[in-house]
Amino acid sequence: MTSATMIEEYLHRLALSEAKGAALVTEFIEKHLARYAFSSLNAMAGQPLSLQTDALFERLVVNQQGGYCFEHNKIAYLALKYLGFDVRSVLARVMLNGKPTNPRTHRMNMLELDGETYLVDVGFGNKTPRGLLNINQRTCTIGHDTYQITRNGDVVTVVLHEPEQPPLTLYEVELYDVVEADFDVAHFYSHQHPEAIFVNNLVVSLITASHRYLIRNQQFLVWNAAGHLITDKSIDSVEELTQLVYEVFLLQPPKAVLETVFAKVAANAAA
C-alpha cells in the first residue's frame, strides 16, 4: 500500500465534509481527536515505535493502537500536506510543570493559510486544543476555553485559560526549521528513556465535541464540554482497564500490552 493510499484511507475514515480552508482544518482536528486516542500504552509496554509512514498508519489507523504527539502529529502533517495545505512540523517545550529547562519533546504543526499562521495540534493528550490557534492574535477562544498567545521572535508561548481554573502554560513552540531526524531523536527519548514520562505513566485521552476522557495511571476521569469534572473513579483491575480502553477510547491494543502496563502502573503506585 502506497503512502497516498494510506492517507486516503485515513481521510476516508474521518469522513470530512466539503468544507474549505480553516473550516476544513478545524473539522479535521475535531474528527481526528474524537476517533484516534492519545495513548502511552505502547511506550509504557516498552515497544519500539517506528515513525516510518507505513508502520505509523498501520499502528494508529488500521490496528487502532493509539499513540502520542510524534505519531499523531506526523499523521496530521502528512494528511494536511496531501490535502494541499502549506504546513510544516515544529518542536515545542512542554511547560505543564512550569520548568523552562524542559527539553523539546512535543511535535506539532504550523499552518500558513490566507495570510495567517496557525498552530495545529492533535497530540497533546487531554489538553489538546479542539481547533486552530492563530499565532497572530493575542487570544483564541475555542468553546469554553481561551488561549493566550505570546510571540517573542520565533518562540510562541500558549497559555490555556479554562473556566474556574488557574492559567496553565501548555507549551513554548519554536518556529525554527527542523528535519525528521530532529523528531526521531526527541521521539526516541520520549518512548525509550527509562525516566521519560510516558515510559513511566499511563495516559490515554479522547476528546469529543461534548466530553474529554482521560485515563491517568489508575484514575478514569471525564469532563463535560463546560470543563466540569463529572467522573472520577479508580481503575482497580486489568479487566476494568481493558473495558475502558476498548469501549470508551476505541483502542484495540493486544491483551499482553494491557497486562504489562497495568502491572507496571500498580507496581509504581505501591512503591
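Rules used throughout
- Here the residue numbering is sequential within each chain, running from 1 through the sequence in written order.
- Local features in a predicted model are, by the rule used here, given only for residues with pLDDT of at least 70; side-chain atom pairs are given and counted only at 80 or more, and totals for whole chains, interfaces and linings are based on all residues.
- With hydrogens and water set aside, each side-chain value is computed from the structure's full complement of heavy atoms.
- Each patch is built from residues lacking any salt bridge and having more than 30% relative accessible area; the joining distance is 9 Å for like charges and 5 Å for nonpolar side chains (Val, Leu, Ile, Met, Phe, Trp, Tyr).
- Note that accessible areas follow from Shrake-Rupley with a 1.4 Å probe, and for residues the cover is restricted to the protein chains shown.
- Salt-bridge detection follows one rule: a side-chain nitrogen of Lys or Arg within 4 Å of a carboxyl oxygen of Asp or Glu.
- We count Lys and Arg on the positive side and Asp and Glu on the negative side, and we leave His and both chain ends out.
- For this purpose, a charge sits on NZ of Lys, CZ of Arg, CG of Asp or CD of Glu.
- Numbering of helices and strands runs from the N terminus; a helix is a DSSP stretch of H or I covering at least four residues, while a strand is a stretch of E covering at least two.
- Residue burial is assigned from relative accessible area. The probe radius is 1.4 Å, only protein chains are included, and a residue is buried under 20% of its type maximum, exposed over 50%, and partly exposed in between.
- Throughout, a residue-residue contact means that at least one pair of heavy atoms, one from each residue, lies within 4.5 Å.
- Ring pairs shown here join Phe, Tyr and Trp side chains whose ring centres sit within 6.5 Å, with only the six-membered ring taken for Trp; geometry is labelled stacked below 30 degrees between planes, edge-to-face above 60, and tilted in between.
- As a reminder, the over-ring test applies to NZ of lysine and CZ of arginine, requiring each to be within 6 Å of the ring centre and within 35 degrees of the ring normal.
- Strand pairing is assigned whenever DSSP detects at least two bridges linking the two strands.
- The angle between two axes is taken between their N-to-C directions and runs from 0 to 180 degrees, where each axis is a line fitted to C-alpha atoms and a helix contributes only its stretch in contact.

Peer 1: Got a sec to walk through a negative patch on the surface? Specific residues and values, please.
Peer 2: On the surface, Asp236, Glu239, Glu240 and Glu259 cluster together into a patch of negative charge. Among the secondary structure elements, Glu240 is positioned in helix H8 (residues 238-247).

Peer 1: Which residues make up the environment of Asp154, and what values go with them?
Peer 2: If you trace the backbone, Asp154 turns up in the loop between strand E7 (145-152) and strand E8 (155-161). Among the residues examined, Asp154 registers a relative accessible area of 35% and is labelled partly exposed. A C-alpha to C-alpha distance of 5.8 Å links Asp154 and Glu174, two positions 20 residues apart in sequence. Excluding residues that lie within four positions of it along the chain, Asp154 makes contacts with Val173, Glu174, Leu175 and Tyr176.

Peer 1: Pulling in residues and values, what's your account of the packing of aromatic side chains?
Peer 2: Overall, the coordinates contain 8 aromatic pairs when judged by the stated rule. Between Tyr10 and Tyr36, the aromatic rings sit 5.7 Å apart at their centres with planes inclined by 40 degrees, giving tilted as the arrangement. You can see Tyr10 sitting in helix H1 (residues 3-14) and its partner Tyr36 sitting in the loop between helix H2 (21-35) and strand E1 (38-39), a full 26 residues away along the chain. The burial state of Tyr10 is the same as that of Tyr36; both residues are buried. On the basis of an interplanar angle of 70 degrees and a centroid distance of 4.7 Å, the ring pair of Phe124 and Tyr171 is categorised as edge-to-face. With a gap of 47 residues between them, Phe124 in the loop between strand E4 (116-120) and strand E5 (133-134) and Tyr171 in strand E9 (residues 168-174) connect regions that are remote in the sequence. Tyr171 shares its class with Phe124; the two are buried. The structure contains a cluster of three or more aromatic residues connected by ring pairs, namely Tyr10, Phe28, Tyr36 and Phe57. One Lys or Arg, Arg107, reaches over the ring of Phe183 and ends 4.0 Å from the middle of that ring.

Peer 1: An account of the sheet that holds E5 is needed here, citing residue identities and associated values.
Peer 2: Here we have 8 strands laid out as an open sheet, ordered E5-E4-E3-E2-E9-E8-E7-E6, and antiparallel in their pairing. Strand pairing shows two members of the sheet lacking a second neighbour, E5 and strand E6 (139-142), which therefore form its edges. The strands touched by helix H5 (residues 69-82) are strand E2 (86-94), strand E3 (104-113) and E4; relative to E3, the strand with the most contacts, the crossing angle is about 20 degrees. Across the face of the sheet, helix H6 (residues 180-192) comes into contact with E2 and E3 while running at roughly 140 degrees to E3.

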